[in-house]
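# Close look at the chain arrangement
This is what each chain is made of:
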Amino acid sequence: MNMLQRVEHWGDKHHPNWLSVVRILLGIFLMYVGVRFVQDRDALISMINQNPNLATLSIFLGHYVVFAHTVGGLFIAMGLLTRFSALVNIPVLLGAVFFVHSPTGLFTVYPVMGISLLVLFLLIFFLIEGSGRISVDEYMRRHPEKDRSRKYAD
């Protein structure tokens, strides 16, 4: 058993139910931030106008942030592919921590550095800990596909 498998096994065995509530709230918050980012697209446009050489990169980053937060947040809230969704969101939060006070105001959805650090900490925590017992992942683990297809065939 390699190190990653041992960490995953430990996380699956030591996950209290109240952490599922924290995971769900984190996912809802990330979805909210993704929607706020879409609503505040003027900040992204101003950042593109400041440096036209980085326009393609800026557009890609804007789309990445929205996708990571909305879809990743939904997956984290449901407990579906939680570790992968947390991993996808970590670079966005690292950017928010380092550029939270940028002159463009691109990351104004994280008005306080403490919120960015807390969300980053929680993402790293759930990357290690996993989704827990109250999740779609756990349901799928307990009910393999062969059992579901047999039930619907009758």
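Residues numbered from 1 in each chain as written. Predicted model: local features only at pLDDT ≥ 70, side-chain atom pairs only at ≥ 80, totals over all residues. Heavy atoms only, no water.

## Some words on unusual backbone geometry
Despite not being glycine, Leu-81 shows a phi value in the positive range, around 50°. Looking at the element boundaries, Leu-81 is found in the loop between helix 4 (55-78) and helix 5 (82-99). Judged by its relative accessible area of 45%, Leu-81 falls in the partly exposed class. (Helix = DSSP H or I, 4+ residues; strand = E, 2+ residues; numbered from the N terminus. Buried < 20%, exposed > 50% of the residue type's maximum accessible area, 1.4 Å probe, protein only.)

## Quick word on the packing of aromatic side chains
Counting across every chain of the model gives three aromatic pairs. On the numbers, 6.3 Å between centres and 25° between planes, the contact of Phe-60 with Tyr-64 is stacked. Here Tyr-64 and Phe-60 lie together in helix 4, a separation of four residues that amounts to about one turn. Overall, the relative accessible area of 53% leaves Phe-60 in the exposed class. Arranged with centres 5.3 Å apart and planes meeting at 80°, the rings of Phe-125 and Phe-126 form a pair that is edge-to-face. (Phe/Tyr/Trp six-rings, centres within 6.5 Å; stacked < 30°, edge-to-face > 60°.)

## Observations regarding helix 6 (residues 113-129)
Counted at 1.5 Å a residue, the expected span for helix 6 with its 17 residues is 24 Å, and the 24 Å between its end C-alpha atoms agrees. Buried residues of helix 6: Ser-116, Val-119, Leu-120, Leu-122, Leu-123, Phe-126 and Glu-129, and no others. (Expected span 1.5 Å × (residues − 1).)

## Some thoughts on the packing of helix 2 (residues 18-39) against helix 6
Two elements in contact, helix 2 and helix 6, have axes whose closest approach is 11 Å; the angle formed by their N-to-C orientations is 125°. On the basis of the axis angle, helix 2 is oblique to helix 6. Like other packed secondary-structure pairs, helix 2 and helix 6 cross with a definite hand, here left-handed. Contacts from Leu-19, Val-22, Arg-23, Leu-26, Phe-29 and Leu-30 in helix 2 reach Ile-115, Val-119, Leu-122, Leu-123, Phe-125, Phe-126 and Glu-129 in helix 6. (Axes fitted to C-alpha atoms, helices over the stretch in contact; angles between N-to-C directions. Parallel < 35°, antiparallel > 145°, perpendicular 65-115°, else oblique. Left-handed = near helix turned anticlockwise from the far one by under 90°. Contact = heavy atoms within 4.5 Å.)

## Some words on helix 2
Taking 1.5 Å per residue as the helical rise, helix 2 with its 22 residues ought to reach 32 Å, and the 32 Å between its terminal C-alpha atoms agrees with that figure. Taken residue by residue, helix 2 has Leu-19, Ser-20, Arg-23, Leu-26, Gly-27, Leu-30, Val-33, Gly-34 and Phe-37 as its buried positions. Viewed end-on, helix 2 has its buried residues packed into an arc of 140°, placing them on one side of the element. Across from the buried face of helix 2, at angles greater than 90 degrees, the exposed residues are Trp-18, Leu-25 and Gln-39. (Arc of directions from axis to C-beta.)

## Digging into the pattern of salt bridges
Inspection of the entire model under this criterion finds two salt bridges. In this structure, the salt-bridge partner of Arg-141 is Glu-138, at a minimum N-O distance of 3.1 Å. Highlighted residues: Arg-141 and Glu-138, both in helix 7 (residues 136-142), separated by three residues, approximately one helical turn. Among the residues examined, Glu-138 registers a relative accessible area of 13% and is labelled buried. Taking the shortest distance from any N to any O, the salt bridge between Arg-142 and Glu-138 comes out at 2.8 Å. One end of the pair, Arg-142, and the other, Glu-138, are both in helix 7, four residues apart, so they sit about a helical turn from each other. Taking the relative accessible area as the measure of exposure, Arg-142 reaches 55% and is therefore exposed. (Salt bridge = Lys/Arg side-chain N within 4 Å of Asp/Glu carboxyl O.)

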